[in-house]
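Structural overview for review
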Amino acid sequence: MNKMQVKKIKSLVAAKRIGKLREEIARLRNLYHVENAPNVTDEVYDSLTRELKELLKKHPEFIDKNAPENRVAGKPLDKFVKVKHKTRMLSLNDAFSYEELYDWEKRIQKLVPSQKLNYFCEVKFDGLAASLTYENGIFVRGATRGDGFVGEDITQNLKTIKSIPLTLQSPFPSFVEVRGEALVSKKMLAKLNRVNEKEGKPLFANTRNVAAGSLRQLDPKLVAERQLNFVAYDMLGDSLALRTHSDKHKALGELGFEVEKLEAKCKNLSDVIAFIQKFEKVRPNFPYGTDGIVISVDDLRLQEILGAVGKAPRFMVAFKYPAERATTIVLDVKVNVGRTGALTPLAIFKPTPVAGSTVSKATLHNMDQIERLDLRIGDTVVIEKAGDVIPKVVEVLTKMRTGKEKKFKMPVACPVCGTSVEKKGAKALLSVAYYCVNPKCPAKNERYIEHFVSVFDIYELGPKILRRFKDEGLITDAADIFTLTKEDIAPLERFGEKSAENIIKEIEIKKKIPLAKFLWGLGILHVGEETARDLALHFGTLEKLISSTQLDLNEIDNIENIGGAVTKSLHDFFKDKNNLNFINKLRQNGVVVEKAQKKKAGKLTGLTFVLTGTLSQMSREIAKEKIIALGGKIAGSVSKNTAYVVAGVDPGSKLKTAENLGVKILNEKEFLDILIST
Ligand code: IVH
């Protein structure tokens, strides 16, 4: 035998042994993680893994990135790192009826009047959105959606999901981002809940909660136990030569992803509705939780033109299956005190399963609602819930009354601080709201702290823990959280060293906060998440915003999307010394508000456009939106300051004026070229 032959035989023997080792390691891992039945000591497992590693070192030709030994990344992490998404991860607008689908079509058809709209339908999974980045075909990073702009790096956890390829099938683009849903099967949910029930632990409400809870585990081994799956539904990249959304699904399958087979190309909404009805029949037996059908305009060029408004694209909509109903008994009506001091009645039910989760309470909104329903404590009621929508009481079954039911009365004193309650709003105006007028009411303060902390994404600090800290006198306001120490928390019952350490670590990491989030957290009237972002982008720093609210209200008024009510409430908020003191205290306690990147200048910055005539590819509204998004301005009439006049079909007198003034005139094709070119 020559050297080559010996080498070949050695390699064959090694291949066999590697195969066996892989099989056995996978079996033991499954026993350990999934069946919870470790019938082998750690030493045995470790020794087999060691042998495999040694063999692979000698025979690198058998290294397989997709093999089981590469699936579980051993060590638990001590925190998740933030990842900025290259492209914002949006959410979807809902349609709850066929009528709403037709309204959606009408709205978008108006924006692209002469275009034939073809649709693509796919299942809407009830899991957790994830984004996977592949560079040169290798899975390099996986992230959660987070707030759509910034998510958390959960690469290690995602690697435990078998349907996520660690390397792509060729040919693959040099860079691609794949988006999809991480899922847990209905069977796994039932299994976990059987265990939780036995152990007296709280049950998971739905498959989404299990998926989310699993991927937020710092230890990938725990994630592996849950046997998650991943279905891909979108891909992004610069050099993808794809024309339609359905092409994307096909390409995803070819790259090695699992793509749901139940999908359909539809020529019109009647076909879409037929698909919705077809899936509705198989939905109860579908292995994964689903809450509707996602409908997209199939043509990617039209998707680009239609773009997004706020958080959702215009070219996609989620059809949600109708609400499910169930009956239950009202055990009690409690009263919650909100951030503004408003008293809200809350019905407490005998826990009942509806639409994939267990419902045990629902808001009754106000006294009017209780009177309208004629709801009494002890009543049997019909409740309704659609997907992830908040449950509500739709009807009281008065025939079920025994005579023992009790009417609910709004308390005359705040249930939390005892201060007398005031009515605001007249009956004539339909709604009467009850408020606790004590500005120092602990409930208001508590809700405020909860909101503020949630904006910092300090996951360890849920409402229960915050209340505990407050009761123990550790915090009086949200700023106190940032000076907590391990020694403060560890002695508390049910905490201990380890959990105290985790909490402190998490707080330390989250002390830096982007300006937009900080503004949202402050809870300024009318300043929600989107408005806070607009303000942050415009002003860049908190100082500039504060001084503008006191000096130059015009500047705020002139920001796009911001109205007078916001301006006034910003002015009032930053005039109040208490609020400024609170901000100072936060800073002294180590909170760092990060500057926002001011909007970058676009390629049309400094150029003014005038539109005349009808465009065939898009409505005027969309054309304006695109110009503004690229930094350009729109004017109603032509002057020597006009950079371009865009002339569609049947242009008006503006075209003549442009010719007279020597302003450059663009036809529709030239205009589109300018929009598309980079
Ligand atoms: S398309 C614009 N397709 O639904 C973002 N989303 O309500 C929509 N989802 O965050 C992406 N199944 O987590 C799309 N087949 C599907 C989906 C799907 C589930 C989730 C996704 C998204 C959420 C929006």
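Above this text you will find the structure in question.
Here's a quick rundown of the structure. (Residues numbered from 1 in each chain as written. Predicted model: local features only at pLDDT ≥ 70, side-chain atom pairs only at ≥ 80, totals over all residues. Heavy atoms only, no water.)

**Quick notes on the overall build of the protein chain**
The helix and strand tally for the protein chain stands at 24 helices and 28 strands. Expressed along its principal axes, the backbone C-alpha trace of the protein chain runs to roughly 95 × 80 × 60 Å. When each of the 678 residues of the protein chain is scored for burial, the buried share is 45%. Once local pairs closer than 6 in sequence are excluded, the contacts in the protein chain between residues at least 24 apart make up 68%. Element-wise, carbon and sulfur atoms account for 53% of the exposed surface of the protein chain, whose accessible area totals about 36,300 Å². Each charge class in the protein chain can be summarised by its mean position, and for the 109 positive and 86 negative side chains these summaries are 1 Å apart. (Helix = DSSP H or I, 4+ residues; strand = E, 2+ residues; numbered from the N terminus. Buried < 20%, exposed > 50% of the residue type's maximum accessible area, 1.4 Å probe, protein only. Contact = heavy atoms within 4.5 Å. Areas by Shrake-Rupley, 256 points an atom, 1.4 Å probe, with all protein chains shown as cover. Lys, Arg positive; Asp, Glu negative; His and termini not counted. Charge placed at Lys NZ, Arg CZ, Asp CG, Glu CD.)

**What to know about the sheet that holds strand S26 (residues 633-634)**
Reading across the sheet, the four strands line up as S26-S25-S27-S28 and stay open at both edges, with parallel pairing between neighbours. For this open sheet the edge positions go to S26 and strand S28 (664-666), each flanked by a neighbour on one side alone. Across the sheet, helix H24 (residues 668-676) touches strand S25 (608-612), strand S27 (644-647) and S28, and the angle it forms with S28 is around 95°. (Pairing = 2+ DSSP bridges. Axes fitted to C-alpha atoms, helices over the stretch in contact; angles between N-to-C directions.)

**A look at the nonpolar core**
Considering soluble globular proteins, one finds that nonpolar side chains tend to be buried as a cluster. Phe518, Leu522, Leu535 and Phe574 are the most contacted members of the largest nonpolar core, which has 52 residues in total. Elements that contribute at least two residues to this core include exactly helix H12 (442-455), helix H13 (463-471), helix H15 (496-509), helix H16 (515-521), helix H17 (529-539), helix H18 (542-551), helix H20 (564-575) and helix H21 (577-588). Considering every element that reaches this core, the biggest residue donor is H12, with five residues. Once residues lying within four places of it in the same chain are set aside, the contact partners of Leu535 are Leu519, Val527, Gly540, Leu545, Ile556, Ile559, Ile562 and Leu570. Within the second largest apolar cluster, 50 residues are counted, among which are Tyr288, Phe315, Tyr321 and Ile627. (Core = buried A, V, L, I, M, F, W, Y, C linked by side-chain atoms within 4.5 Å.)

**Description of the site of the ligand**
Close to the ligand lie 13 residues; Glu122, Val123, Phe125, Glu181 and Tyr233 are nearest. One nitrogen or oxygen atom from the main chain of Val123 is found 2.8 Å from a nitrogen atom belonging to the ligand. The side chain of Lys124 places a nitrogen or oxygen atom 3.1 Å from an oxygen atom of the ligand. Out of a free accessible area of 510 Å², the ligand has 87% covered by protein chains. No other element matches strand S3 (residues 119-125), which puts four residues into the shell around the ligand. Here the residues of the shell around the ligand are counted per class, giving nine nonpolar, one polar and three charged. (Near = heavy atom within 4 Å. Polar contact = N/O pair within 3.5 Å; in protein donor to acceptor, adjacent residues only side chain to side chain. Nonpolar A, V, L, I, M, F, W, Y, C, P; charged D, E, K, R; others polar.)

**Some details on the pairing of S25**
The buried fraction of S25 is high, at five of five residues. Of the two faces of S25, the one lined by Thr608, Val610 and Thr612 and the one lined by Phe609 and Leu611 are each fully buried. Sheet topology note: the S25/S26 ladder contains two bridges and is parallel. Residue pairing across strands places Thr608 opposite Lys633, the latter belonging to S26. Once you follow S25 into helix H22 (residues 620-629) and on to S26, the crossover reads as right-handed. Pairing between S25 and S27: four bridges, direction parallel. Bridging across to S27, Thr612 finds its partner in Ala647. (Right-handed = clockwise from strand over helix to strand, strands pointing away.)

**Here's the deal with H18**
Along H18, the residues that are buried comprise Leu542, Leu545, Ile546, Ser548 and Thr549. Buried residues of H18, seen end-on, are gathered within an arc of 165° and therefore sit on one face of the element. (Arc of directions from axis to C-beta.)

**Here we look at the pattern of salt bridges**
Under the criterion given, the structure shown has 35 salt bridges. One salt bridge in this structure joins Arg376 and Asp374, with 3.3 Å as the shortest N-O distance. On the basis of relative accessible area, Arg376 is assigned to the partly exposed category, the value being 21%. As a salt-bridge pair, Asp379 and Arg401 come within 2.8 Å of each other at their nearest N and O atoms. Taken as a pair, Asp379 in the loop between strand S17 (376-377) and strand S18 (380-385) and Arg401 in the loop between strand S19 (392-396) and strand S20 (406-407) lie far apart in primary sequence, 22 residues in all. Judged by its relative accessible area of 0%, Asp379 falls in the buried class. Among the ionic contacts, a cluster of salt bridges with common partners joins Arg88, Lys311, Glu529, Glu530 and Arg533. (Salt bridge = Lys/Arg side-chain N within 4 Å of Asp/Glu carboxyl O.)

**Here's the deal with the packing of H12 against H13**
Contact geometry of H12 with H13 gives a least axis separation of 10 Å together with a crossing angle of 130°. Taken together, the axes of H12 and H13 lie oblique to each other. The handedness of the crossing between H12 and H13 comes out as right-handed. Across from Pro442, Asn445, Glu446, Arg447, Ile449, Glu450 and Val453 in H12, the residues of H13 making contact are Pro463, Leu466, Arg467 and Lys470. Residue composition of the contact of H12 with H13, by class: five nonpolar, one polar and five charged. (Parallel < 35°, antiparallel > 145°, perpendicular 65-115°, else oblique. Left-handed = near helix turned anticlockwise from the far one by under 90°.)

**Examining the sheet that holds strand S13 (residues 316-320)**
Through backbone hydrogen bonds, the strands of a sheet pair up, either in parallel or in antiparallel fashion. One open sheet holds the five strands; their spatial order is S2-S13-S10-S3-S9, and the pairing between them is mixed. Unpaired on one side and paired on the other, strand S2 (94-95) and strand S9 (263-266) mark the two borders of the sheet. As paired strands, S2 and S13 are joined by two bridges and run parallel to one another. Bridging from a neighbouring strand, Asp94 pairs with Ala318 of S13. Lying over the sheet, helix H3 (residues 98-111) contacts S2, S3, strand S10 (290-297) and S13, oriented at roughly 170° with respect to S13. In the packing of helix H8 (residues 245-255) onto the sheet, contacts are made with S3, S9, S10 and S13, and the angle to S3 comes to roughly 55°.

**Let's talk about H8**
When H8 is considered as a whole, its buried residues turn out to be His245, Ser246, Lys248, His249, Ala251, Leu252 and Leu255. Of the residues trailing H8, Gly256 is marked for its positive phi of about 110°.

**Some points on the environment of Ser114**
Here Ser114 lies in the loop between H3 and S3. Overall, the relative accessible area of 52% leaves Ser114 in the exposed class. Taking the C-alpha atoms as reference points, Ser114 and Leu666, separated by 552 residues in sequence, lie 20 Å from one another. Every residue in contact with Ser114, bar those within four places of it in the chain, is listed here: Ser616 and Gln617. A distance of 2.4 Å separates a polar side-chain atom of Ser114 from the backbone oxygen of Ser616.

Keep in mind these numbers describe shape, not what the thing actually does.
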